[in-house]
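Understanding the architecture of this molecule
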Amino acid sequence: QRSGLQRYTKGDVSLDDEQTSATRLLVLVMACIAIEPHACSLQGSDGRSANLEEARGRVGYLARRKVPACVIKPNTTTGIRACLLAASLKMVGNGKVTVIGGGHSENAFADDTIAINMGLWNKVKAYPNRRLVTVGGGATSGEVSKACEKYGFVASLGDRPGVGAGLVLQGGLNHFMRNFGLAIDNIVKVVYVSPLCEVVEASSDEDLFVFRGAGSNFGVVLEITLRIHRFERVITQDVIYDLPAPSHLEVITKYSAAGKSLPDTASLDGFLFWSGTDQLSFATTQFCLLGTNEVGTTMIKLPVQAMRPLDEPFTTDTPTIKNYT
């Protein structure tokens, strides 16, 4: 019987004669019931390697430099609780757990830990009549945006479609924050598995306090409910131009002043980068929310750039280079 249980944990949990406590067997039984089905059939080092390689494809470069003890991809809350119990008993690794949401954070992996891949928890459901969207702990910003856009709504999230729940739980700077606030300002409810393996629902301001900036530290998030906002259209404008050395400080000063003068419905990003071995360049991206043609013609004009006509599409393949004079 114990050998059968080991099969369902993919061999990651050793079953020595000393490990016969009721609690440890409970962990194995829970894992047997709950670990995602196709992962259950993976046995030995080959199975562990396949799970690890799948997760490596989901995380960023800094995370890929680390080697977790194992990667689990649960499809039920019971499976997640099994991972937390196994970690607390130090049955696998060093007793710590990491969570892979979108995978952008270097903390998605850590050496000798249990990594929980939330890839199966990516369900997103928009409720336009209630102006809410429920977001699974493994869903990405791009998936949330697609679910909301078809109803004419937008969620106040980041500018990268592959970013996951970590962005929402740790602040959530975004292009709409002047009008709609940070991502954390729009959190209505969080359902999570606590370190004590309890499924908890947080909905009051007091209970949500920790999830509005430090939410990655208090449990495995299963679902987040966010406010969504009506919008008509978004106008964007991109400009890239060379930046001669004498103008560096002047351009940044003027850029900062222009950004501060924007209305709440607009935002302005600026990027300094090397476009050659000795050529520093500056790029700006402006977003105007709820824009019309009339609003678009009054978009902020930096003193250092000639604005692109609104009917001229911008493509990154053929950027327009503006020389600063």
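All chains use their own residue numbering, which begins from 1 and follows the written sequence. Local features in this predicted model are restricted to residues of pLDDT 70 or higher, and side-chain atom pairs are both shown and tallied only at a pLDDT of 80 or more, whereas totals for entire chains, interfaces and linings draw on every residue. Only hydrogens and water are set aside when side-chain values are computed; all heavy atoms of the structure are taken into account.

1. Looking at the overall build of the protein
Within the protein one finds 12 helices and 13 strands. Restricting to contacts in the protein with at least 6 residues of sequence separation, those with at least 24 account for 61%. Using the Shrake-Rupley algorithm and a 1.4 Å probe, accessible areas are obtained, with residue cover drawn only from the displayed protein chains. For the protein, the exposed area adds up to about 16500 Å²; of that, 51% sits on carbon and sulfur atoms. Comment: elements are numbered from the N terminus, with helices defined as DSSP H or I runs of at least four residues and strands as E runs of at least two. By definition in these notes, contact holds between two residues if any of their heavy atoms fall within 4.5 Å.

2. With respect to helix α6 (residues 77-88)
Given 3.6 residues to a turn, an α-helix orients residues that are three or four positions apart in the same direction. Expected span of a helix: the number of residues minus one, times 1.5 Å. The terminal C-alpha atoms of α6 lie 17 Å apart, and with 12 residues this matches the ideal 16 Å at 1.5 Å per residue to within 8%. Relative accessible area decides the class of each residue, using a 1.4 Å probe on protein chains only: under 20% of the type maximum gives buried, over 50% gives exposed, and in between gives partly exposed. Residues of α6 that are buried: Gly79, Ile80, Ala82, Cys83, Leu84, Leu85, Ala86 and Ala87. Where α6 terminates, the next one or two residues include Lys90, which has phi positive at roughly 55°.

3. Comments concerning the pattern of salt bridges
Here, a salt bridge means any Lys or Arg side-chain nitrogen found within 4 Å of an Asp or Glu carboxyl oxygen. One pass over the structure, following the stated rule, counts 4 salt bridges. The partner of Lys66 in a salt bridge is Glu106, with the nearest N and O atoms 3.8 Å apart. Here the residue Lys66 occupies a position in the loop between α5 (61-64) and β1 (70-72), and Glu106 occupies one in the loop between β2 (97-100) and β3 (114-117), the gap between them amounting to 40 residues. Under the relative-accessibility criterion, Lys66 is labelled buried at 19%. The salt bridge involving Arg212 is made with Asp205; its shortest N-O contact spans 3.3 Å. Relative accessible area serves as the criterion here: at 26%, Arg212 is assigned to the partly exposed category.

4. Some remarks on the sheet that holds β3
Only strands joined by at least two bridges in the DSSP assignment are considered to pair. One open sheet accounts for 3 strands, arranged β1-β3-β2; its pairing is parallel. A strand with exactly one partner marks an edge of an open sheet, and here the two such strands are β1 and β2. The sheet shows a mean angle of 25° between the axes of neighbouring strands, taken without regard to direction. Note: β2 against β3, 4 bridges, orientation parallel. Looking across to β3, one finds that Ile100 is bridged to Asn117. Every angle, taken between N-to-C directions, lies between 0 and 180 degrees, and every axis is a line fitted to C-alpha atoms, over only the stretch in contact when it is a helix. With respect to the sheet, α6 is in contact with β1, β2 and β3, its orientation differing from that of β3 by roughly 170°.

5. A word on helix α11 (residues 248-260)
For α11, spanning 13 residues, the distance from its first C-alpha to its last is 19 Å, which sits close to the expected 18 Å at 1.5 Å a residue. Listed in full, the buried residues belonging to α11 are Val251, Tyr255, Ala258 and Gly259. All buried residues of α11 project into a common sector of 100° when viewed along the axis, lining one side. Those residues of α11 that are exposed and angled more than 90 degrees off the buried face are Leu249 and Lys260. Structurally, α11 contributes buried residues whose contacts are with α9 (177-180), β10 (234-242), β11 (266-274) and β12 (280-289). In this description, the arc belongs to the directions extending from the helix axis to the C-beta atoms.

6. Some points on the environment of Phe109
Along the polypeptide, Phe109 turns up in the loop between β2 and β3. A sequence separation of 43 residues divides Phe109 from Lys66, and the C-alpha atoms of the two residues are 6.1 Å apart. Setting aside anything within four residues of it in sequence, one finds Phe109 in contact with Leu52, Ala55, Arg56, Val59, Ala63, Lys66, Pro68, Val71, Thr98, Ile100 and Ala115.

7. Some thoughts on the packing of aromatic side chains
Ring pairs are drawn from Phe, Tyr and Trp, using the six-membered ring of Trp, whenever the two centres fall within 6.5 Å, and their geometry is named by plane angle: stacked under 30 degrees, edge-to-face over 60, tilted for the rest. A complete count under the given rule lists 3 aromatic pairs for this structure. Seen in terms of ring centroids, Tyr192 and Phe211 are 4.8 Å apart; in terms of plane orientation they differ by 55°. Their pairing is tilted. Here Tyr192 is found in strand β7 (residues 187-193), whereas its partner Phe211 is found in the loop between α10 (205-208) and β9 (220-230), with 19 residues between them in sequence. Across this residue pair, the class does not change: Tyr192 and Phe211 are buried. Whether a charge sits over a ring depends on NZ of Lys or CZ of Arg being within 6 Å of the ring centre and within 35 degrees of the ring normal. Taking the ring centre of Tyr127 as reference, the NZ or CZ of Lys125 above it sits at 6.0 Å. Geometry around Tyr127 places Arg130 over its ring, the cationic atom sitting 5.2 Å from the centre.

8. With respect to unusual backbone geometry
In this model, Asp112 sits at a positive phi of 60°, which is unusual for a non-glycine residue. Asp112 sits in the partly exposed class, given a relative accessible area of 38%. For Arg131, which is not glycine, the phi torsion reads 55° and is therefore positive. Within the fold, Arg131 resides in the loop between β4 (124-127) and β5 (132-136).

9. A look at the confidence of the model for the protein
Put simply, the protein has an average pLDDT of 76, and 74% of its residues get 70 or more. Confidence drops under pLDDT 50 across residues 32-44; counting only partners more than four residues distant or on other chains, this segment forms 27 contacts. On a range of 0 to 100, pLDDT expresses the predictor's confidence in each residue. Long-range and interchain partners of residues 291-325, a stretch whose pLDDT sits below 50, account for 65 contacts in this model, where long-range means more than four residues apart.

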